[in-house]
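Structural features, examined
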Amino acid sequence: MSAKSAEAWQPSKSDKSERLLQLTCALLFSERGLSKAELFKSIPAYIEAIRGGTSEESLNRMFERDKVDLKNTGIQVFTPNANADSDDIVYVIAEDTFVWPQHTELTAKQLQLLELAAQVWSQASLEADANQALVRLKALGVEPAASDLIGFAPRIETREPAFIPLNEAIQDCVEVTFNYRKPNGEVSKRHVQPWSLHNVDGQWLLQSFDLEQGEVRNFLLRRIVSKVQTVKVNEVESRFTKPSDEKLGQAVTQLQEHIANQVCELKVKQDSQAWFHFHLDDGAGTKSDTVTFNYMDLVLLAEELRDFALDIKVVRPRELNDLIRSGFEKVASAHA
Amino acid sequence: MPKLNSFNGEDRYNFMLALVAYLQNRGSVSVDEAAEHFGLDAKYIRKAVTSINEARATVNEFEEWFFFIDIEALEDEGVLSLISNQVIDDVPRLSTRQASAIAAGLNYLATIPGFSDDADLQKLQELLAAGGSRGINPLIESRPGSAEAGAEVIRRAMISGNQISCEYINQKGERSVRSIEPLRLDPRADGWYLRGYCPLHKEVRNFKLDRMRAIQVLDEPLSAEAKKIEDFEEALYVASATDTAVTVEVQPEGYRLISESKTVSEPVTVDSSTVRAEIMVGHLPNLGKLVSRYGGAAKVIAPAEARAIVKNYALAALGEDTADQIENED
């Protein structure tokens, strides 16, 4: 267990966490909601900022940022009379903000599974979100059970810089552009509506609707060679309608069908590393030196199999052998 | 326990909401128990209490203090007792981002042998799906070598606290039969690892499950030395004094080479997508394989000796007629 040092907590009058707490409580307390002018007169942190000479403009910016922070942490602030005169608009916290998990009691084992699910993100990009979620779940007061889940530390890895911006764009339904490099080296700019991220055999894949091609396209995150940029028209982010579950499901089915149609067959040298890797001793006494399996992407497969190049012979597909060899040729010439 | 390495303003705000809800649900509780429950230092909880008690606003001309956690009880008896709470009745629901991180973690667990049929796991997945969480969905194919056959046997040994024996093939292709005291299983993107105490070398080592076969649970229980080990380095590759520093340049397709290695300094950007870094390599002859897999997307810059190793490895791989080798096998 790693205990947090107390020094890291530095509550001060300007601490954002205290301001957010005051704002949340004031809005919850006043059931009819509060206007911006009323909030500026009621929240100690705002009052202090005004007293300290903060301009109206920066105060407004602070309020806008606070609303975004609340939204990001799952507190929904809305305006029931958004069309009213701007001075009369009131802010209210949505009633269903405080109802998770929906009247469900969690058991000790379920909490432990949730804890393990959060730990999957240790040192990966969603660690902060996962930990905040876990803190909330722990507020339910259930103690995780000690069980056979101990001694087990699965980890998701997200090394591609594109992961975080794509995940945010998916959550917010915002169009993005990026440069994508095909295995043949061709780079092109893509403009897509990002739908979902998948991990296929350890590789992150984006499923999206490609606006130029007019169809669903998959992109490997490791082949994105630029920053992922959100698309803006006149300073406003281009949003799209969240795709239906049916459409998302179809995209996954298509990908699965694609994988099911790609078959690779290898002959493996007995008792080599590849022999161990493919578990060729697993059958009850029936030893075979051939292994057959499906794959998603031939170039990725060639990369994996280059590790075992001396222990295998490609039976099919023919191009796989060429790809394995051309990779070695590129390595040899890059280090000549 | 979550490792809260850096608590920012959002995290602190989140924790204060959670602490109030926890005390509301739980009633009076000792500060030590709360600290244990959240995996935080007790001092940290005391500071949060100060901030919570400070929360106030002027609503309809009246100054409202929203909470009161009994300060005397905390100072005298170390007990947290929520006396007054004007606003928060329940735990705030998870934000979309939080829910999607947890849902993705659960989806990932569901792909691991031993979890796929877990009824509790399925129920949690349904709960989160009903909340509209979406976005990250592992879709892991079970290819030979990825769903590790030995994992179940090793887990059995870990639960009963016994050593295992197995046949292990090392990076040079040498096979040996050895005993391992299994401590932790780490499923990772590139396969499963076993963190185990090696009675022979008297230290914790990482064993890749796809290099093991004929795994058996022994009658021998874990040694006292092995039982003492509680913490592991998160990184699988730990540098030692005999390692060589190697400068590499990688394209996005080869970033993995850097992120899987122990780097000496922060990687620097060479151009829009190329990154240069210095990595530590334990056994230099392994570099040929490590770099070759990326088929040109990773390149060794220095030292010259390392470049030569990579070049020779690639040339050897090209020169080998693998077909002949297999036919010559017994």
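The shown structure was predicted, so the numbers you read here are calculated from the model rather than taken from an experiment.

Regarding the interface of chain A and chain B
Interface size is often expressed as the accessible area that is lost when the parts come together. Counting from both sides, the interface comprises 120 residues of chain A and, opposite them, 121 residues of chain B. The residue makeup of the side of chain A that touches chain B, split by class, is 56 nonpolar, 33 polar and 31 charged. Note that strand β5 (residues 187-200) of chain A and strand β7 (residues 136-138) of chain B share three bridges and pair parallel. The residue bridging His198(A) from the neighbouring strand is Asn137(B), located in β7(B).

Thoughts on the sheet that holds strand β12 (residues 290-294) of chain A
Residue and element names in this part refer to chain A. One open sheet holds the three strands; their spatial order is β12-β11-β13, and the pairing between them is antiparallel. On the outer flanks of this sheet lie β12 and β13 (312-316), each paired with one strand and no other. Neighbour-to-neighbour, the strand axes of this sheet turn through a mean angle of 30°, independent of strand direction. Pairing of strand β11 (residues 263-268) with β13, which is carried by four bridges, proceeds in the antiparallel orientation. Considered in β13, the bridge of Leu-266 is made with Val-314.

Some points on the pairing of strand β4 (residues 176-181) of chain A
Side-chain direction in a regular strand flips from residue to residue, so the side chains alternate between the two faces of the sheet. Residues and elements named next belong to chain A. Here six bridges tie β4 to β5, and the two strands are oriented antiparallel to one another. What sits directly across from Asn-179, in β5, is Lys-189. Here β4 hands over to β5 after five residues, with Gly-185 in that stretch at a positive phi of 95°. Looking at chain direction, β4 and strand β8 (residues 229-230) are connected through two bridges and run antiparallel. Bridge assignment links Val-176 to a residue of β8, and that residue is Thr-230.

Considering the domain arrangement of chain B
The assigned domain composition of chain B is domain 1 (9-85), domain 2 (96-130), domain 3 (151-227) and domain 4 (244-319). Centre-to-centre, using C-alpha coordinates, domain 2 of chain B lies 28 Å away from domain 3 of chain B.

Observations concerning the nonpolar core
Membership of the largest hydrophobic core comes to 144 residues, with the highest contact counts inside it found for Val20(B) and Ile102(B). Per-element tally for this core: the top contributor is helix α1 (residues 9-26) of chain B, with ten residues. In contact with Ile102(B), not counting residues within four places along its chain, are Leu114(A), Ala117(A), Ala118(A), Ala130(A), Ala133(A), Leu94(B) and Leu128(B). Core analysis: the second largest hydrophobic core is formed by 13 residues, Ala157(B), Met158(B), Leu185(B) and Leu194(B) among them.

A few points about helix α3 (residues 42-54) of chain B
Residue and element names in this part refer to chain B. Under the 1.5 Å per step criterion, the end-to-end length of α3 is 19 Å for 13 residues, consistent within 8% with the ideal 18 Å. Those residues of α3 that sit buried are Tyr-44, Ile-45, Ala-48, Val-49, Ser-51 and Ile-52. With its buried residues spanning 165° around the axis, α3 presents them on a single face.

Overview of the sheet that holds strand β2 (residues 77-78) of chain A
Residue and element names in this part refer to chain A. Spatially, β1-β3-β2 is the arrangement adopted by the three strands of the open sheet, whose pairing is antiparallel. Only two strands of the sheet have a single neighbouring strand rather than two, namely β1 (34-35) and β2. Pairing analysis gives two bridges linking β2 to strand β3 (residues 90-93), with the strands arranged antiparallel. Bridge assignment links Val-77 to a residue of β3, and that residue is Ile-93. Across the sheet, helix α1 (residues 16-29) is in contact with β1, β2 and β3; its angle to β3 comes to roughly 95°.

Some points on the environment of Lys242(A)
Residues and elements named next belong to chain A. Within the element layout of this structure, Lys-242 appears in the loop between β10 (236-237) and α8 (245-261). By the C-beta count within 10 Å, which is 15 here, Lys-242 ends up partly exposed. A sequence separation of 72 residues divides Lys-242 from Ile-170, and the C-alpha atoms of the two residues are 8.8 Å apart.

A short note on unusual backbone geometry
The omega angle of the peptide bond from Arg316(A) to Pro317(A) is -5°, so this bond is cis rather than trans. Inspection of the secondary structure assignment puts Pro317(A) in the loop between β13 and α11 (318-334). A cis amide bond links Ala302(B) with the next residue in sequence, Pro303(B), at an omega value of 0°. Looking at the secondary structure, you find Pro303(B) in the loop between β17 (298-302) and α11 (304-319). Despite not being glycine, Asp201(A) shows a phi value in the positive range, around 45°. Its location among the elements puts Asp201(A) in the loop between β5 and β6 (203-210). Positive phi values are uncommon outside glycine, yet Glu235(A) reaches one of about 70°. Mapped onto the fold, Glu235(A) is located in the loop between β9 (232-233) and β10.

Notes on the packing of helix α6 (residues 127-138) of chain A against α1(B)
Packing of α6(A) against α1(B) brings their axes to within 8 Å, and their N-to-C directions diverge by 15°. Here α6(A) is positioned roughly parallel relative to α1(B), judged by the angle of their axes. Judged by the sense of rotation from one axis to the other, the crossing of α6(A) with α1(B) is right-handed. Contact with α6(A), carried on its side by Gln132(A), Val135(A), Arg136(A) and Lys138(A), involves Asp11(B), Asn14(B), Phe15(B), Ala18(B) and Tyr22(B) of α1(B) and no other residues of that element. Across the contact of α6(A) with α1(B), the residue classes break down as four nonpolar, two polar and three charged.

A word on the packing of α6(A) against helix α5 (residues 96-110) of chain B
Interhelical geometry of α6(A) versus α5(B) gives an angle of 95° and a closest axis separation of 8 Å. As judged from the angle between their axes, α6(A) and α5(B) are roughly perpendicular. On α5(B), the residues touching Asp129(A), Ala130(A), Gln132(A) and Ala133(A) of α6(A) are Arg97(B), Gln98(B), Ala99(B), Ala101(B), Ile102(B) and Gly105(B). Tallied by class, residues from the contact of α6(A) with α5(B) come to five nonpolar, three polar and two charged.

About the thresholds
- Residues numbered from 1 in each chain as written.
- Chains lettered and ligands numbered in written order.
- Predicted model: local features only at pLDDT ≥ 70, side-chain atom pairs only at ≥ 80, totals over all residues.
- Contact = placed C-beta atoms within 7 Å.
- Nonpolar A, V, L, I, M, F, W, Y, C, P; charged D, E, K, R; others polar.
- Pairing = 2+ DSSP bridges.
- Helix = DSSP H or I, 4+ residues; strand = E, 2+ residues; numbered from the N terminus.
- Axes fitted to C-alpha atoms, helices over the stretch in contact; angles between N-to-C directions.
- Domains from an automatic or database assignment.
- Core = buried A, V, L, I, M, F, W, Y, C linked by C-beta atoms within 7 Å.
- Buried ≥ 20, exposed ≤ 12 C-beta atoms within 10 Å, placed from the backbone.
- Expected span 1.5 Å × (residues − 1).
- Arc of directions from axis to C-beta.
- Parallel < 35°, antiparallel > 145°, perpendicular 65-115°, else oblique.
- Left-handed = near helix turned anticlockwise from the far one by under 90°.

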